[in-house]
Amino acid sequence: MNIFKVKINFEEKGHESVELPIAEGESVLDVCLENGIELQHNCGGVCGCSTCHIYVNKGEDNIQEISDKEEDFIDRAVNPRINSRLGCQCVIIDGDIEVTLPDQSQFLGH
């Protein structure tokens, strides 16, 4: 099993960027949860909502390709961009990536 790096940036004020190990086959959502980083995931990480929406800044070729289902949910996300993905679907296949987590304080109950 290959281990790579994921750099996580935060839009939310008061959070510093972090670099964490991520294993081949692991998702960005998994790494966030394993390391105490709050990333909403109302559906439980099964590509059934848009709450784990993130932006992939670098390394798009190092994650699984986007599916039609994921694209549909991204269209429903808050502030989607051309580099938007769902954290549960950003599964590492080969190499490092850099992502930005949108401000999580926008969700009710935060």
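See the structure shown above.
We now turn to the structure provided with this report.

Rules and cut-offs
- Residues numbered from 1 in each chain as written.
- Predicted model: local features only at pLDDT ≥ 70, side-chain atom pairs only at ≥ 80, totals over all residues.
- Heavy atoms only, no water.
- Core = buried A, V, L, I, M, F, W, Y, C linked by side-chain atoms within 4.5 Å.
- Buried < 20%, exposed > 50% of the residue type's maximum accessible area, 1.4 Å probe, protein only.
- Helix = DSSP H or I, 4+ residues; strand = E, 2+ residues; numbered from the N terminus.
- Patch = residues over 30% accessible without salt bridge, like charges linked within 9 Å, V, L, I, M, F, W, Y side chains within 5 Å.
- Areas by Shrake-Rupley, 256 points an atom, 1.4 Å probe, with all protein chains shown as cover.
- Salt bridge = Lys/Arg side-chain N within 4 Å of Asp/Glu carboxyl O.
- Lys, Arg positive; Asp, Glu negative; His and termini not counted.
- Charge placed at Lys NZ, Arg CZ, Asp CG, Glu CD.
- Pairing = 2+ DSSP bridges.
- Polar contact = N/O pair within 3.5 Å; in protein donor to acceptor, adjacent residues only side chain to side chain.
- Contact = heavy atoms within 4.5 Å.
- Phe/Tyr/Trp six-rings, centres within 6.5 Å; stacked < 30°, edge-to-face > 60°.
- Lys NZ or Arg CZ within 6 Å of the ring centre and 35° of its normal.
- Axes fitted to C-alpha atoms, helices over the stretch in contact; angles between N-to-C directions.

1. Examining the nonpolar core
Part 1: One finds Val6, Ile8, Val28, Val99 and Leu101 to be the most contacted residues of the largest nonpolar core, which totals 26 residues.
Part 2: At the level of elements, strand 1 (3–10), strand 2 (18–23), helix 1 (28–34), strand 3 (53–58), helix 2 (68–74) and strand 5 (97–101) are the ones that each hand at least two residues to this core.

2. A short note on a negative patch on the surface
Part 1: On the surface, a cluster of negative charge is made up of Asp68, Glu71, Asp72 and Asp75.
Part 2: Tracing the backbone through its elements, the reader meets glutamate 71 in helix 2.

3. Digging into the pairing of strand 3
Part 1: By the bridge criterion, 3 bridges tie strand 3 to strand 4 (residues 84–86) in an arrangement that is antiparallel. Looking across to strand 4, one finds that histidine 53 is bridged to leucine 86.
Part 2: Taken together, the 3 bridges between strand 3 and strand 5 define a ladder with antiparallel strand orientation. The residue of strand 5 that forms the bridge with tyrosine 55 is threonine 100.

4. Section: the side chain of glutamate 70
Part 1: Among the structural elements, glutamate 70 can be located in helix 2.
Part 2: For glutamate 70, a relative accessible area of 1% corresponds to the buried category.
Part 3: Within the local environment of glutamate 70, its side chain forms a polar contact with the backbone nitrogen of leucine 86, the two atoms lying 2.8 Å apart.
Part 4: Sequence-distant contacts of glutamate 70, that is, excluding residues within four places in its chain, are made with Cys47, Arg85, Leu86 and Gln89.

5. Let's talk about the side chain of histidine 53
Part 1: By the element assignment, histidine 53 lies in strand 3.
Part 2: Not counting chain neighbours up to four residues away, the residues in contact with histidine 53 comprise Leu39, Ala77, Val78, Asn79, Pro80, Ser84, Arg85, Leu86 and Pro102.

6. Topic: the environment of lysine 13
Part 1: Along the chain, lysine 13 turns up in the loop between strand 1 and strand 2.
Part 2: Spatially, the C-alpha atom of lysine 13 lies 29 Å from that of aspartate 61, the residues being 48 residues apart in sequence.

7. A closer look at the packing of aromatic side chains
Any pair of aromatic rings gets described here by the distance separating the centres and the angle formed by the planes.
Part 1: One pass over the structure, following the stated rule, counts 0 aromatic pairs.
Part 2: Sitting over the face of the ring of tyrosine 55, arginine 81 holds its NZ or CZ atom 3.8 Å from the ring centroid.

8. Concerning the sheet that holds strand 2
Part 1: The mixed open sheet is built from 5 strands, whose spatial order is 2-1-5-3-4. The sheet terminates laterally at strand 2 and strand 4, the two strands that pair on one side only. Across the sheet, the mean angle from the axis of one strand to that of its neighbour is 40°, orientation sign disregarded.
Part 2: Strand direction decides the pairing type here: strand 1 and strand 2, joined by 6 bridges, are antiparallel. Residue pairing for strand 2: phenylalanine 4 is matched across the bridge by isoleucine 22.

Don't take any of this as a statement about function, it's just geometry.
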